[in-house]
Amino acid sequence: FGFSKGVNLGILEAFQRGLVSSTSLMVNMPGFDYAVELMKQHPELNVGIHLVTSVQYSILKGLKTVTDENGHFYHDHDKIKNCNLEELKQEYEAQLQKFLATGFTPTHIDFHWCYYPVQLEAAVYLGKKYNLPVRAETKEIEAWLDEQGVIHNFNMQHNFYQMDASQTPEMLISQLQHCLDEGY
């Protein structure tokens, strides 16, 4: 949510048709204001914050390890992996404050391109501070969040992100059934 007007409308339609029960908002993207309008029109839609460190601009200016000199986030795994934790916490806090300034409270925290412990640690800081659930993508992350005392989801399935044009809906249903059979 927030990526663009078209993405916002697609997510809203998926929600209205019962295909999704929640979404998450990228506060630094061009479709942010329109997404907030839609949130006001559809308060029954659960919206979390989608923390960003890899696309578009940062909310804070003058960051040294998270953005380039123009304030663009690096789209570089090594730079993200090695960024300064305190700087990242400040940026994530600024993103959350921008969300809260809309008058809404996020239902959860998740990520755009989260691969590294520094990103998860910065998100956990916010989860604890604001008592918000944090998305766990693996059982290992679930266990770590339990150790940290952070509320989180269980058994996230993201295999559908790897679908390509050759896969059919029946193949996706089969994948989902397998997950159910495995106790997810």
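Shown above is the structure to which this text applies.
Since the model is a prediction, treat every value here as computed from it, not as a measurement.

Caption draft 1: Region of the structure containing unusual backbone geometry. A positive phi angle is found at Gln56, which is not glycine, with a value near 70 degrees. Tracing the sequence through the fold places Gln56 in the loop between strand S2 (46-52) and helix H3 (77-81). Overall, Gln56 belongs to the partly exposed group, its relative accessible area being 27%. Positive phi, close to 55 degrees, is recorded for Asn131, a residue that is not glycine. Tracing the sequence through the fold places Asn131 in the loop between helix H5 (117-130) and helix H6 (139-148). What makes Asn131 exposed here is its relative accessible area of 57%.

Caption draft 2: Expanded view of the packing of aromatic side chains. Counted under the stated rule, the structure contains zero aromatic pairs. Between the NZ or CZ atom of Lys89 and the centre of the ring of Tyr125, over which it lies, the distance is 4.8 Å.

Caption draft 3: Summary view of the sheet that holds S2. Read from one edge of the open sheet, three strands run S1-S2-S3, paired in parallel fashion. Across the chains shown, the open sheet's two edge strands, defined by having one partner strand only, are strand S1 (22-25) and strand S3 (109-112). Averaged over all pairs of adjacent strands, the angle between strand axes in this sheet comes to 40 degrees, irrespective of strand direction. As paired strands, S1 and S2 are joined by four bridges and run parallel to one another. Paired with Thr23 across the strands is Val47, a residue of S2.

Caption draft 4: Representation of helix H1 (residues 5-16) within the structure. Relative to the 16 Å expected for twelve residues at 1.5 Å per residue, H1 spans 16 Å between its end C-alpha atoms, a close match to the ideal helical length. Along H1, the residues classified as buried are Asn8, Ile11, Leu12, Ala14 and Phe15. Seen along its axis, H1 keeps its buried residues to an arc of 160 degrees; they face one direction. Exposed residues on H1 whose side chains face more than 90 degrees from its buried face are Lys5 and Gln16. Tucked inside the fold, the buried residues of H1 contact S1 and helix H2 (32-41). Gly18 occupies a position one or two residues after H1 and carries a positive phi of about 80 degrees.

Caption draft 5: A look at the packing of H1 against H2. Remark: H1 packs on H2, axes separated minimally by 9 Å, with the N-to-C direction vectors making an angle of 25 degrees. Our classification of the angle between H1 and H2 gives roughly parallel. The element H1 and its partner H2 pack so that their crossing is right-handed. On the side of H1, the interface is formed by Lys5, Asn8, Leu9 and Leu12, while H2 contributes Tyr34, Ala35 and Leu38. Across the contact of H1 with H2, the residue classes tally to five nonpolar, one polar and one charged.

Rules used in this analysis
- Residues numbered from 1 in each chain as written.
- Predicted model: local features only at pLDDT ≥ 70, side-chain atom pairs only at ≥ 80, totals over all residues.
- Heavy atoms only, no water.
- Helix = DSSP H or I, 4+ residues; strand = E, 2+ residues; numbered from the N terminus.
- Buried < 20%, exposed > 50% of the residue type's maximum accessible area, 1.4 Å probe, protein only.
- Phe/Tyr/Trp six-rings, centres within 6.5 Å; stacked < 30°, edge-to-face > 60°.
- Lys NZ or Arg CZ within 6 Å of the ring centre and 35° of its normal.
- Pairing = 2+ DSSP bridges.
- Axes fitted to C-alpha atoms, helices over the stretch in contact; angles between N-to-C directions.
- Expected span 1.5 Å × (residues − 1).
- Arc of directions from axis to C-beta.
- Contact = heavy atoms within 4.5 Å.
- Parallel < 35°, antiparallel > 145°, perpendicular 65-115°, else oblique.
- Left-handed = near helix turned anticlockwise from the far one by under 90°.
- Nonpolar A, V, L, I, M, F, W, Y, C, P; charged D, E, K, R; others polar.

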